[in-house]
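# A closer look at the structure
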Amino acid sequence: MPVPFWIHMAALLIVALVALAVSLPLLRPARASSHPRGADPARMRWSREKEMAYAAIKEAEFDYQMGKLSDEDYRALRAKYEQRALEALARLEEIERSGRGN
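Residues numbered from 1 in each chain as written. Predicted model: local features only at pLDDT ≥ 70, side-chain atom pairs only at ≥ 80, totals over all residues. Heavy atoms only, no water.

### As for the overall build of the chain
Summing up its helical and strand segments, the chain has three helices and zero strands in all. Buried positions account for 14% of the 102 residues belonging to the chain. Counted over contacts in the chain with a minimum sequence separation of 6, partners at least 24 positions apart contribute 67%. Total accessible area on the chain stands at roughly 8,800 Å², and carbon and sulfur atoms take up 60% of it. (Helix = DSSP H or I, 4+ residues; strand = E, 2+ residues; numbered from the N terminus. Buried < 20%, exposed > 50% of the residue type's maximum accessible area, 1.4 Å probe, protein only. Contact = heavy atoms within 4.5 Å. Areas by Shrake-Rupley, 256 points an atom, 1.4 Å probe, with all protein chains shown as cover.)

### Observations concerning the packing of aromatic side chains
As enumerated under the stated definition, the model contains one aromatic pair in all. A centroid spacing of 4.4 Å and a plane angle of 15° characterise the contact between Y64 and Y74, whose relative ring orientation is stacked. In this pair, Y64 is assigned in helix α2 (residues 41–65) and Y74 in helix α3 (residues 71–100), connecting sequence segments 10 residues apart. (Phe/Tyr/Trp six-rings, centres within 6.5 Å; stacked < 30°, edge-to-face > 60°.)

### Here's the deal with α2
Counted at 1.5 Å a residue, the expected span for α2 with its 25 residues is 36 Å, and the 36 Å between its end C-alpha atoms agrees. Every buried residue of α2 is accounted for by W46, K50, A53, A56, I57, A60 and D63. With its phi angle positive at about 85°, G67 sits one or two positions after the end of α2. (Expected span 1.5 Å × (residues − 1).)

### Points about the pattern of salt bridges
Tallied over the entire structure, the rule returns six salt bridges. Residues K50 and E51 are paired through a salt bridge, measuring 3.6 Å at the closest nitrogen-oxygen approach. By relative accessible area, E51 is classed as partly exposed at 44%. Salt-bridge contacts for R97 lead to E93; the nearest nitrogen and oxygen are separated by 3.2 Å. One end of the pair is R97 and the other is E93, both in helix α3 and four residues apart, which spans about a single turn. With a relative accessible area of 47%, E93 lands in the partly exposed category. Connected through shared salt-bridge partners, E61, R78 and E82 make up one network. (Salt bridge = Lys/Arg side-chain N within 4 Å of Asp/Glu carboxyl O.)

### A few points about a nonpolar patch on the surface
Together, L20, L24, L26 and L27 line one region of the surface with nonpolar side chains, adding up to about 430 Å² of accessible area. A relative accessible area of 61% means that L27 is categorised as exposed. (Patch = residues over 30% accessible without salt bridge, like charges linked within 9 Å, V, L, I, M, F, W, Y side chains within 5 Å.)

### So, the confidence of the model for the chain
Taken residue by residue, the chain gives an average pLDDT of 88. The fraction at 70 or more is 88%. Within the chain, the lowest mean pLDDT, 90, falls on helix α1 (residues 5–27), and the highest, 95, falls on α2. (pLDDT = per-residue confidence, 0-100.)

Below you can see the structure in the form of C-alpha cells.
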C-alpha cells in the first residue's frame, strides 16, 4: 500500500524545522566583544582572577579528597589560591570605593 502524499510532506516539514532549529545559532551574527560597553577592564580582570582562584581551591579540595594530593601539597595550594582570591577581593573593593567617589 503506497504512503499518502501528506505523510511525505509532514515528514519533510519536520526535517526542515529540525534543521532550522539546529542551524539557527550558527546563522546569528557573532558579537563584536564579550565585554559589555562601559565595563571597567580592571574590574573584569579582578573578577575573573577571583573566580579562577575559587575554582582552583575547589579543584584542590576535590583532588585532596580523592587522594591525589598530600596534606602538605593541599595546604600549600590552598594557601596560594586563598591569597590570590583575597588579593582580587581587595582590588575589587578598591575599585568599588573609587567608583563611588569615597
